[in-house]
Amino acid sequence: MGQKKDLTGSEKSKIVRYLAEGCSSLKIAKLLKRDHQTIKRFIQNSQQGRKKRVEKPRRKITAHELRKVKRAAAKMPLATSLAIFQSCNITGVPKSTRCAILRDMAKVRKAERRPPLNKTHKLKRQDWAKKYLKTDFSKVLWTDEMRVSLDGPDGWARGWIGKGQRAPVRLRRQQGGGGVLVWAGIIKDELVGPFQVEDGVKLNSQSYCQFLEDTFFKQWYRKKSASFKKNMIFMQDNAPSHASKYSTAWLARKGIKEEKLMTWPPSSPDLNPIENLWSIIKCEIYKEGKQYTSLNSVWEAVVAAARNVDGEQIQTLTESMDGRLLSVLAKKGGYIGR
């Protein structure tokens, strides 16, 4: 009989079966033509089960070290827990303990995305703020486009899940499933739109002006009084389709020119209050990680979410402009957040 060969998987299965049938270890050794001690060792190891994990004593963190960690976390945004602790020369602390300590003094956040601002941009932002500092912003129509997808922004499908529950399944799309381009405006306490850009239409100067003609002008602006049209200021950003000579001339023929068309500083989405409206709508349509199966369904969700935004919320956004201008001047043209 061989004595030094390891048991194969097939032999182990046979040993379990023979034991279930009531065979002794000696009989099993004879049936398999293996050494009796090898069979007995396998049976004993199987009956012992897994060894219990021995808990190692955790390293204690002193109050002085906690202060060092707090300072390091403030100086090293987006750093890992390991990097923060290593910068303080604190070793031997397991990841679970590091995270528990940091959770009391910090939060896990993603880096904010914003357009770059150079010196010229900042100067233009300051000039813009000075120019419109005395403007009655209740007469300004703030406009912008937003694209919504079937799945929502990356990283939004996160949330707490109870113990014992499985995370919901999310659909995976190879090409993302496309999206819907939405245009809207806000003025005082009123929402204009939202209007959907037809699928497949790329907004250049001509298609942008035609879109405004078919939606904004025919469905909203035409119904307003002459005095309203005389005082309204139209705001749009510097997208190529907005700021082109063609679009500027076309708006001028509609009576929106000179002081009635607001100049806009470069790289300044933080100054447009409608960006906050887009955030409100996106939070609503993608809450709890919701996904959509068609472009029509996500458009219907946008319309429903927009209807739930009341006039008081919109007025809060439009009335924030005085504060935004003062913040731009205080920060010397720097980014002010939203």
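Everything discussed here concerns the structure shown above.
Throughout what follows, the structure given in this document is the object of discussion. This structure is a prediction, so every number in the text was calculated from the model and none was measured. (Residues numbered from 1 in each chain as written. Predicted model: local features only at pLDDT ≥ 70, side-chain atom pairs only at ≥ 80, totals over all residues. Heavy atoms only, no water.)

### Details of the overall build of the protein
A count of helices and strands for the protein gives 15 helices and four strands. Residue burial in the protein is summarised as follows: out of 338 residues, 37% are buried. Pairs at least 24 apart in sequence give 75% of the contacts found in the protein among residues at least 6 apart. As displayed, the protein offers around 22,400 Å² of accessible surface, 51% of which is attributable to carbon and sulfur atoms. (Helix = DSSP H or I, 4+ residues; strand = E, 2+ residues; numbered from the N terminus. Buried < 20%, exposed > 50% of the residue type's maximum accessible area, 1.4 Å probe, protein only. Contact = heavy atoms within 4.5 Å. Areas by Shrake-Rupley, 256 points an atom, 1.4 Å probe, with all protein chains shown as cover.)

### Overview of helix H2 (residues 25-32)
Buried within H2 we find Ile-28, Ala-29 and Leu-32. On an axial view of H2, the arc spanned by its buried residues comes to 100°, and they lie on one face. Immediately downstream of H2, the backbone of Lys-33 shows phi near 55°, a positive value. (Arc of directions from axis to C-beta.)

### Comments concerning the nonpolar core
Within soluble globular proteins, side chains that are nonpolar generally end up buried alongside one another. Ranked by size, the top nonpolar core spans 39 residues in total, and within it Trp-128, Trp-142, Val-148, Met-262, Ile-281 and Ile-285 carry the most contacts. Taken together, the elements giving at least two residues each to this core come down to helix H7 (119-131), strand E1 (140-149), strand E2 (179-187), strand E4 (233-235), helix H12 (274-285), helix H13 (295-307), helix H14 (311-318) and helix H15 (321-330). The element contributing the most residues to this core is H13, with seven residues. Ignoring anything within four residues of it in the chain, the contact list for Val-148 reads Gly-179, Val-180, Val-182, Ile-285, Tyr-286, Val-298 and Val-302. Leu-212, Phe-217, Trp-220 and Trp-250 belong to the second-largest nonpolar core, a separate cluster that totals 21 residues. (Core = buried A, V, L, I, M, F, W, Y, C linked by side-chain atoms within 4.5 Å.)

### Comments concerning H7
In this model H7 runs 19 Å from its N-terminal to its C-terminal C-alpha over 13 residues, within 8% of the 18 Å that 1.5 Å per residue would give. Buried within H7 we find His-121, Arg-125, Gln-126, Trp-128 and Ala-129. Down the axis of H7, the buried side of the element spans an arc of 160°, and every buried residue falls inside it. What points out from H7, more than 90 degrees from its buried face, is the exposed set Lys-119 and Lys-130. Looking at the packing, one finds that the buried side of H7 touches H15. Capping the start of H7 is the job of one residue whose side-chain oxygen sits 3.1 Å from the backbone nitrogen of Thr-120: Asn-118. (Expected span 1.5 Å × (residues − 1). Polar contact = N/O pair within 3.5 Å; in protein donor to acceptor, adjacent residues only side chain to side chain.)

### Topic: the pattern of salt bridges
In the structure shown here, the tally under the stated rule is seven salt bridges. Lys-224 is paired through a salt bridge with Glu-190; the nearest N and O atoms lie 3.4 Å apart. Here Lys-224, found in the loop between helix H8 (205-219) and helix H9 (226-231), pairs with Glu-190, found in strand E3 (residues 190-196); they are 34 residues apart in sequence, far enough to count as distant. Under the relative-accessibility criterion, Lys-224 is labelled partly exposed at 23%. (Salt bridge = Lys/Arg side-chain N within 4 Å of Asp/Glu carboxyl O.)

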